[in-house]
Amino acid sequence: MAYDIAIPEEHSKSLQDYLDAFRRRGAFAFKIALAVLVLGLVVIFLWPNSYKSTATILIEDPEVPPGLVPTTVTTFAARQIQYINQRVMTRTNLAEIIEKFDLFQKQRRYLPTLMLVDEVQKFISIDLVDVQLADPDRPSQLINSTIAFTLGFEHPNPEVARKVTNELVSLYLNENVRARTEQTAQTSEFMQAEVNRLDTGVREIEGQIAKLKQENEGSLPQQTPVNQQMLQRADQELLDIDRQIRALSESRVLVDAQLAQIEPMKTMTMPDGRGVAPPADQLRALQSQLAILEGRYSPDHPDVQRIRRDIEALQLEVGNDVRPENSAAQLADLRGKLAMARERYSDDHPEVARLLRQIASLEANRAAVPAERPNRSREEPNNPVYIQVQAQRKNLDIQEATLRGQRAEVQARIAQYEKRIGASSEVERELSALMRRLETASASYQAARGRLFTAQMGQALETQSKGERFTLVEPPDLPLQPSSPNRPVLLALLAVLCLAIAFGLPQFAESMDSSVNSARAVERVQGSPPLAEIPLIQNTEDMTHKRNMRLYALVFAPVAMIIAAVLVHFFVINLDVAWYVALRRLGM
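So, here is what we can say about the structure in this document. Quick caveat: nothing in here was measured; it's all calculated off a predicted structure.

## Some points on the overall build of the protein
Then, number 1: For the protein, the count of helices and strands is 15 helices and 6 strands.
Then, number 2: When burial is assessed residue by residue, the protein has 29% of its 588 residues classed as buried.
Then, number 3: The contacts of the protein with a sequence gap of at least 6 include a subset with a gap of at least 24, amounting to 77%.
Then, number 4: Accessible area of the protein: about 38,100 Å², with a carbon and sulfur share of 57%.

## Looking at the environment of Ile 32
Then, number 1: Within the fold, Ile 32 resides in helix H1 (residues 15-46).
Then, number 2: Those residues within four positions of Ile 32 in sequence are excluded, and the remaining contacts are Ile 501 and Leu 505.

## Re a nonpolar patch on the surface
Then, number 1: Together, Met 549, Leu 551, Tyr 552, Leu 554, Val 555 and Phe 556 give the surface a local cluster of nonpolar side chains, amounting to about 650 Å² of exposed area.
Then, number 2: Within the secondary structure layout, Tyr 552 lies in helix H14 (residues 540-571).

## Describing the pairing of strand S1 (residues 51-60)
Then, number 1: With 8 bridges connecting them, S1 and strand S3 (residues 142-155) associate as antiparallel partners. Its bridge partner lying in S3, Tyr 51 is registered against His 155.
Then, number 2: Bridge count between S1 and strand S6 (residues 469-474): 5 bridges; the pairing is antiparallel. Counterpart to Thr 56 in the pairing with S6 is Glu 474.

## So, the pattern of salt bridges
Then, number 1: Going through the model one piece at a time under the given rule, you end up with 19 salt bridges.
Then, number 2: Among the salt bridges present, the one from Arg 87 reaches Glu 175, with a minimum N-O distance of 3.9 Å. Here Glu 175 lies in helix H5 (residues 158-215) and Arg 87 lies in helix H2 (residues 77-88), a separation of 88 residues in the sequence.
Then, number 3: On the basis of relative accessibility, which here comes to 41%, the residue Arg 87 falls in the partly exposed class.
Then, number 4: As a salt-bridge pair, Asp 242 and Arg 407 come within 2.3 Å of each other at their nearest N and O atoms. Of the two residues, Asp 242 is situated in helix H6 (residues 224-260) and Arg 407 in helix H11 (residues 384-463); the sequence distance between them amounts to 165 residues.
Then, number 5: On the accessibility criterion, Arg 407 (25% relative accessible area) is partly exposed.
Then, number 6: Via salt bridges that share partners, Arg 252, Asp 256, Arg 393, Asp 397, Glu 400 and Arg 404 belong to a single interconnected network.

## Quick word on H14
Then, number 1: The first and last C-alpha atoms of H14 sit 46 Å apart over 32 residues, in line with the 46 Å expected at 1.5 Å per residue.
Then, number 2: Of the residues flanking the start of H14, the one acting as N-cap is Asn 539, its side-chain oxygen 3.4 Å from the backbone nitrogen of Glu 541.

## Let's talk about unusual backbone geometry
A negative phi holds for most residues other than glycine; trans holds for most peptide bonds.
Then, number 1: Residue Asp 102 is not a glycine yet carries a positive backbone phi of 55°.
Then, number 2: With respect to the helices, strands and loops of the structure, Asp 102 is situated in the loop between helix H3 (91-100) and helix H4 (117-122).

## Some details on the packing of H1 against helix H12 (residues 487-512)
Then, number 1: H12 packs onto H1 with a crossing angle of 155° between their chain directions and a minimal axis gap of 7 Å. Regarding the angle of H1 to H12, the classification is roughly antiparallel. In terms of crossing hand, the pair formed by H1 and H12 is right-handed.

## Details of the packing of H6 against H11
Two numbers describe a pair of packed helices, the interaxial angle and the distance between the axes.
Then, number 1: Direction vectors running N to C along H6 and H11 enclose 160°, while the axes themselves pass 8 Å from each other. Taken together, H6 and H11 sit at an angle that is classed as roughly antiparallel. Read as a crossing pair, H6 and H11 show a hand that is left-handed.
Then, number 2: Partitioning the contact of H6 with H11 into residue classes produces 17 nonpolar, 13 polar and 13 charged.

## Remarks on H6
Then, number 1: Taking 1.5 Å as the rise per residue, H6 with 37 residues should run 54 Å; its terminal C-alpha atoms sit 52 Å apart, in good agreement.
Then, number 2: On its buried face, H6 sits against H11.

## Looking at the nonpolar core
Then, number 1: Membership of the largest hydrophobic core comes to 27 residues, with the highest contact counts inside it found for Leu 103, Phe 149, Phe 153, Val 164 and Leu 168.
Then, number 2: Of all the secondary-structure elements, those providing two or more residues to this core are S1, H2, H3, H4, S3 and H5.
Then, number 3: Ranked by residue count, the leading element in this core is H5, at 6 residues.
Then, number 4: Here Val 164 is in contact with Ile 97, Phe 101, Leu 103 and Phe 153, once residues within four sequence places are set aside.
Then, number 5: Counting 16 residues, the second largest nonpolar core, distinct from the first, contains Ala 234, Ile 241, Val 255 and Val 410.

About the cut-offs
- Residues numbered from 1 in each chain as written.
- Predicted model: local features only at pLDDT ≥ 70, side-chain atom pairs only at ≥ 80, totals over all residues.
- Heavy atoms only, no water.
- Helix = DSSP H or I, 4+ residues; strand = E, 2+ residues; numbered from the N terminus.
- Buried < 20%, exposed > 50% of the residue type's maximum accessible area, 1.4 Å probe, protein only.
- Contact = heavy atoms within 4.5 Å.
- Areas by Shrake-Rupley, 256 points an atom, 1.4 Å probe, with all protein chains shown as cover.
- Patch = residues over 30% accessible without salt bridge, like charges linked within 9 Å, V, L, I, M, F, W, Y side chains within 5 Å.
- Salt bridge = Lys/Arg side-chain N within 4 Å of Asp/Glu carboxyl O.
- Pairing = 2+ DSSP bridges.
- Expected span 1.5 Å × (residues − 1).
- Polar contact = N/O pair within 3.5 Å; in protein donor to acceptor, adjacent residues only side chain to side chain.
- Axes fitted to C-alpha atoms, helices over the stretch in contact; angles between N-to-C directions.
- Parallel < 35°, antiparallel > 145°, perpendicular 65-115°, else oblique.
- Left-handed = near helix turned anticlockwise from the far one by under 90°.
- Nonpolar A, V, L, I, M, F, W, Y, C, P; charged D, E, K, R; others polar.
- Core = buried A, V, L, I, M, F, W, Y, C linked by side-chain atoms within 4.5 Å.

The structure is reproduced here in structure tokens:
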């Protein structure tokens, strides 16, 4: 009979207490553990197998060194794989895979294919293979670099798993080639458009420079030294011309003086040997004689009339040229004589009256002479000396006219050079601004051309598959062993669970039971051992039950072991393989 008496907490249980508890409640715990074991074995071995096919793709370095032909695809391998993964794992691609390989047959009977896309993604796996490599920029440091990745697909049918994995590998390889080629092509197109834009800008600036140079031809900065030299030369030339003109003027004065002293007409010789003065000399002589006669006689005097008629005849022959300079000298002489006569005589004196009439006559003759000096004579000069001097005079006039023309031309050139030199500073400022713009635009254009060439080389590199590429080093295999469930692990866990139930449940039940069921419990309660302890008395029925239990154990234990071996052989691993694996692990 048991009593519900609280056992003091300070008294801990001994090993004998645990053995007593296991002896009292072990049979019940063993039955529960056996039930859990059987149920677990059924679940584990009836769990459907799932096979996973995997393929390994290697990320190979470019065949051409990057330093020789750099690629325009600079994305890290891990990030590139993630980009490709996002492009491949689209709902459209996954739906096509589901329909192509007839996945989820039961679910597709009542669900559209697109709703199963999320389910198929759960069976696709991608794992990156990273290694630590030395950083090219800092060799002392190690960085994780992705050199390969594995693709896998899990399915109850191993053949379907292999086909789907093969399809995924094809999608990844094609998408990688397409993405890299498209990226390099877009880079080349962008750089080509940039080069065209910069080329147009350079051409516009060059056109502006050409227009500025054309509009300011001769005033360009590089022509300033030439203009200055030409200006100095023109100044020197102008000085030479002025000096020549002054020399010609002096020569012409001398020639004029010499010409004035030479009669254009030479003296003619009559048949009787008497010389005849030239008409001009005769005219001057008659004019002098007329002035004398007019001073003596009245205008109606026959001598005066005769002299007048002779003068008119000679004037018709030689013109009005009577040497005004001679008339002026003669007039000055008469005026001097008049002044001296007036000092001695009154104005009514005949001498004064005569001088007044001579002066009036000469003034009248001078007034009759035209302002412009006509030809010296209607007849061509026949005096060789006069003709020679006159030719020298004409030659001097021609030379002077030529020099004055040259002087005007030189002055125009000097003005032009000065204008060019003055405008060169403004032209230089505008030209410098355009040249700076051209230099900047040309540098940008050359840089863009270099980048375009690099982009085109990178595009050729990717088109010919010479750049970084994915290589299938391990094609999808046909899985022979199921990837799930992991029966060895599950069996180990089941064994641990059964042992925990078999050995832990009696102790747990004993701790929850507060009854006193042993002499040591009585001693802990009352502080002294009991006076006597009556052992368990087993009758015949108890002995029979114990014998039957031993018999059942001897019969069912081998059967259970055989069943477990069969299940392991067919669902986990072949026993012969397991035997050789065990021998290898043991080193035998």
